[in-house]
Amino acid sequence: MSVIIYHNPRCSKSRKALELLEQHQQQPQVIEYLKTPPDAQTLKAILAKLGITARELLRSKEDEYQLAGLDDLTLSEEDIIEAMIKYPKLIERPIVIIDGKAAIGRPPENVLSLLEK
């Protein structure tokens, strides 16, 4: 089973999701996305697995949201993905991917649905 978590160790929800995975005997590959942000291709793949748009993955309360002008509803998916690459803090967290399926760990228990066969 391949398990990946896009993790921010400073985020309580991210820490809790990681803890839940470990409690279920999962040893995820931990990607601290603030240190190593995903590229456009990876972000598009994550969005496809989540079944959501780039805008739905945005953290709109971050200062960078305003700074990047992301309140402009005419921005394309490409524009939003570019902003998330430039400001990875804008990416909702945590994101867990297990065997090609993904979930956002808000609440952290969401990731458990990926463990059900």
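Check the entry above for the structure.
First things first, this report covers the structure right here in the doc.

Conventions we followed
- Residues numbered from 1 in each chain as written.
- Predicted model: local features only at pLDDT ≥ 70, side-chain atom pairs only at ≥ 80, totals over all residues.
- Heavy atoms only, no water.
- Pairing = 2+ DSSP bridges.
- Helix = DSSP H or I, 4+ residues; strand = E, 2+ residues; numbered from the N terminus.
- Axes fitted to C-alpha atoms, helices over the stretch in contact; angles between N-to-C directions.
- Salt bridge = Lys/Arg side-chain N within 4 Å of Asp/Glu carboxyl O.
- Buried < 20%, exposed > 50% of the residue type's maximum accessible area, 1.4 Å probe, protein only.
- Arc of directions from axis to C-beta.
- Contact = heavy atoms within 4.5 Å.
- Parallel < 35°, antiparallel > 145°, perpendicular 65-115°, else oblique.
- Left-handed = near helix turned anticlockwise from the far one by under 90°.

## Thoughts on the sheet that holds strand β4 (residues 101-104)
Taken in spatial order, the 4 strands line up as β2-β1-β3-β4 in an open sheet, and their pairing is mixed. Each end of this open sheet is capped by a strand with a single partner; those strands are β2 (29-32) and β4. Within the sheet, the average angular offset between the axes of one strand and its neighbour, ignoring direction, is 15°. In this structure, strand β3 (residues 95-98) lies alongside β4, joined through 4 bridges in antiparallel fashion.

## Thoughts on the pattern of salt bridges
The final tally for this structure, using the stated rule, is 7 salt bridges. Linking Lys35 and Glu32 is a salt bridge whose minimum nitrogen-to-oxygen distance equals 3.3 Å. Across the pair Glu92 and Arg106 runs a salt bridge, and its minimum N-O distance is 2.6 Å. A residue pair is termed long-range when its members are at least 10 positions apart, and Glu92 in the loop between α4 (77-86) and β3 and Arg106 in the segment after β4 qualify at 14 residues. Classification of Glu92 by relative accessible area gives buried; the value is 17%. Connected through shared salt-bridge partners, Arg59, Glu62, Lys89, Glu92 and Arg106 make up one network.

## Observations concerning helix α2 (residues 40-50)
Residues of α2 that are buried: Leu43, Ile46, Leu47 and Leu50. Along the axis of α2, the buried positions cluster into a sector of 100°, meaning they face one direction only. Turned more than 90 degrees away from the buried face of α2, the exposed residues are Gln41 and Ala48. Contacts from the buried residues of α2 go to β1 (3-7), α4, β3 and β4. One or two steps after α2, the chain reaches Gly51, where phi turns positive at roughly 70°.

## What to know about the packing of α2 against α4
Each packed pair of helices is defined by two parameters, the angle between the axes and the distance between the axes. Direction vectors running N to C along α2 and α4 enclose 115°, while the axes themselves pass 10 Å from each other. By the angle class used here, α2 and α4 are roughly perpendicular. The handedness of the crossing between α2 and α4 is right-handed. Residues Ala40, Leu43, Lys44 and Leu47 of α2 lie in contact with α4, whose contacting residues are Glu77, Glu78, Ile81, Met84 and Ile85.

## Some thoughts on the environment of Pro38
Examined against the element boundaries, Pro38 turns out to sit in the loop between β2 and α2. Between the C-alpha atom of Pro38 and that of Pro88, which follows or precedes it by 50 residues, the distance is 8.2 Å. Once you skip the residues sitting within four places of it in the chain, Pro38 turns out to touch Tyr6, Tyr33, Leu43, Ile85 and Ile91.

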